[in-house]
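Summary of the model geometry
Residues per chain, in single letters:
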Amino acid sequence: MAGPLNTGADWRAPLLGQARWRWWEFLLWALAFAAPLVLPQHALMVNEIAIVALFAMSLDLVLGYTGIVSLGHAAFFGFGAYAAALFAKLVMPDPTVGLVVATVLAALLGLAASVTILRGSDLTRLMVTLGTALLLLELANKLDWLTGGADGLQGVVMGPVLGLFDFDLYGRVAAWYSLAVALVLFLLMRRLVHSPFGATLMAIRDNRLRAMAIGIPVTSRMSVIYTIAAAVAGAAGALLAQTTGFASLDVLAFDRSADVLLMLVIGGVGWLYGGVAGAIVFKLLQDTLSSVTPQYWMFWIGLLLVLLMLVGRERLLRPRTWFRKGGAA
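Remember, predicted model here, so these are calculated numbers, not experimental data.

Examining the overall build of the protein
Broken down by element type, the protein carries 16 helices and 0 strands. By the burial criterion, 48% of the 329 residues in the protein qualify as buried. Considering only residue pairs separated by 6 or more positions, the protein has 75% of its internal contacts joining residues 24 or more positions apart.

Considerations on the packing of aromatic side chains
Enumeration over the complete set of coordinates arrives at 6 aromatic pairs. With a centroid separation of 5.0 Å and 55° between ring planes, the pair formed by phenylalanine 186 and tyrosine 273 is classed as tilted. With phenylalanine 186 in helix α9 (residues 172-193) and tyrosine 273 in helix α14 (residues 272-292), this residue pair connects regions lying 87 residues apart in the sequence. Overall, the relative accessible area of 1% leaves phenylalanine 186 in the buried class.

Section: helix α3 (residues 23-38)
Over its 16 residues, α3 extends 21 Å from the first C-alpha to the last, a length consistent with the 22 Å expected when each residue adds 1.5 Å. Of the residues making up α3, those classed as buried are Glu25, Trp29, Ala35 and Pro36. Tucked into the core, α3 has its buried residues touching α4 (43-63), α9 and α14.

So, the pattern of salt bridges
Enumeration according to the criterion identifies 5 salt bridges in this entry. Of the charged contacts in the structure, one is a salt bridge between lysine 283 and glutamate 48, with a shortest N-O distance of 2.6 Å. Taken together, the residues span a long stretch of sequence, with lysine 283 in helix α14 and glutamate 48 in helix α4 at a distance of 235 residues. Look at glutamate 48 and you get partly exposed, because its relative accessible area is 33%. A salt bridge links glutamate 138 to lysine 142; the nearest nitrogen and oxygen atoms lie 3.9 Å apart. One end of the pair, glutamate 138, and the other, lysine 142, are both in helix α7 (residues 122-142), 4 residues apart, so they sit about a helical turn from each other. A relative accessible area of 57% means that lysine 142 is categorised as exposed.

Some remarks on the side chain of threonine 66
Following the sequence through the fold, threonine 66 ends up in the loop between α4 and α5 (74-90). A polar contact of 2.9 Å, which involves the side chain of threonine 66, links it to the backbone oxygen of leucine 61. Those residues within four positions of threonine 66 in sequence are excluded, and the remaining contacts are Leu61, Leu201, Ile204, Arg205, Arg208, Met222 and Ile225.

Description of a nonpolar patch on the surface
Taken together, Trp23, Trp24, Leu27, Leu31 and Trp271 make up a surface patch of nonpolar side chains, about 590 Å² in accessible area. Position of tryptophan 23 relative to the elements: it lies in helix α3.

Considering α7
Look at α7: 30 Å from first C-alpha to last across 21 residues, which is about the 30 Å you get at 1.5 Å a residue. Looking at the buried side of α7, the elements it contacts are α5, α6 (95-113), α8 (144-147), α11 (208-213), α12 (218-244) and α13 (254-267).

Focus: the nonpolar core
Ranked by internal contacts, the top residues of the largest apolar core, which has 84 residues, are Leu54, Tyr82, Met189 and Leu272. Of all the elements, α12 adds the most residues to this core, at 14 residues. Not counting the four nearest positions on each side in its chain, leucine 272 is found in contact with Met57, Asp60, Leu61, Tyr65, Phe186, Met189, Arg190 and Val193. Residues Ala35, Val46, Ala175 and Leu179 belong to the second largest nonpolar core, which totals 5 residues.

Conventions adopted
Residues numbered from 1 in each chain as written. Predicted model: local features only at pLDDT ≥ 70, side-chain atom pairs only at ≥ 80, totals over all residues. Heavy atoms only, no water. Helix = DSSP H or I, 4+ residues; strand = E, 2+ residues; numbered from the N terminus. Buried < 20%, exposed > 50% of the residue type's maximum accessible area, 1.4 Å probe, protein only. Contact = heavy atoms within 4.5 Å. Phe/Tyr/Trp six-rings, centres within 6.5 Å; stacked < 30°, edge-to-face > 60°. Expected span 1.5 Å × (residues − 1). Salt bridge = Lys/Arg side-chain N within 4 Å of Asp/Glu carboxyl O. Polar contact = N/O pair within 3.5 Å; in protein donor to acceptor, adjacent residues only side chain to side chain. Patch = residues over 30% accessible without salt bridge, like charges linked within 9 Å, V, L, I, M, F, W, Y side chains within 5 Å. Areas by Shrake-Rupley, 256 points an atom, 1.4 Å probe, with all protein chains shown as cover. Core = buried A, V, L, I, M, F, W, Y, C linked by side-chain atoms within 4.5 Å.

So yeah, pure geometry; function would need other evidence.
Here's what the structure looks like:
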């Protein structure tokens, strides 16, 4: 009788172990929140990293945990940015309310778009997701009376966060606002991927046919996670529009989807901190290299990606193992 009674605890134990916080996670988030105060001259960079890290984590939900490939994730990011900017300009400037509205609208768009990724191969999904982003990009360009077209949506004035904290020129309030939203959504995503629901997502990623055979509702799971990822991406886009007071066609461009995919390649897929690490490395490299070689900074990013593919992420940190067979330390 002891065996069957302990079966539930046995399969839950690995999930509970993975969900347990490590000491370095507390340190990482503490340093992130302290950065705008300790390094006020880099507060705007911290804000940007927090936003793109949240965007990268949203893509990791569908790519790393569920195995849904996408080249058009910027559709939800840009939709959230325009929704938040238009809400602030036409309805009310409260950033928290605008964030909620943009997140809900992006989720609805993700729910509608999830129909397109339920059938076909990975190549089909690549083209369909890319096409969705291109459609929204052209729509934003044509509706210039609403979105500003190629000139961007200007005149967006945001009110104080929670009615208390005004956005300052140094970007410290913006950085703390983006970090707080990123942390809340990270906690929700962490809880999700370390739950039985998250385990079914990984089963779908590893073998979709086998997941269907054991009774996992693959179609509904894919729709739900795609909707959630779209909501998180929309929240990231809303943060960008709110903290910059501007929304342009750039938020819907293919480059935006490609950059976030590169971040996951750098940081690793299938764990949320891969998006965080990739965003930090990518943005710091972009800022540093573009100041040194403004015309060729993408060359060095490309070289890093080549090294990652040839050497491997783990071995790249240990150069002495690069030329050893099997990567022995």
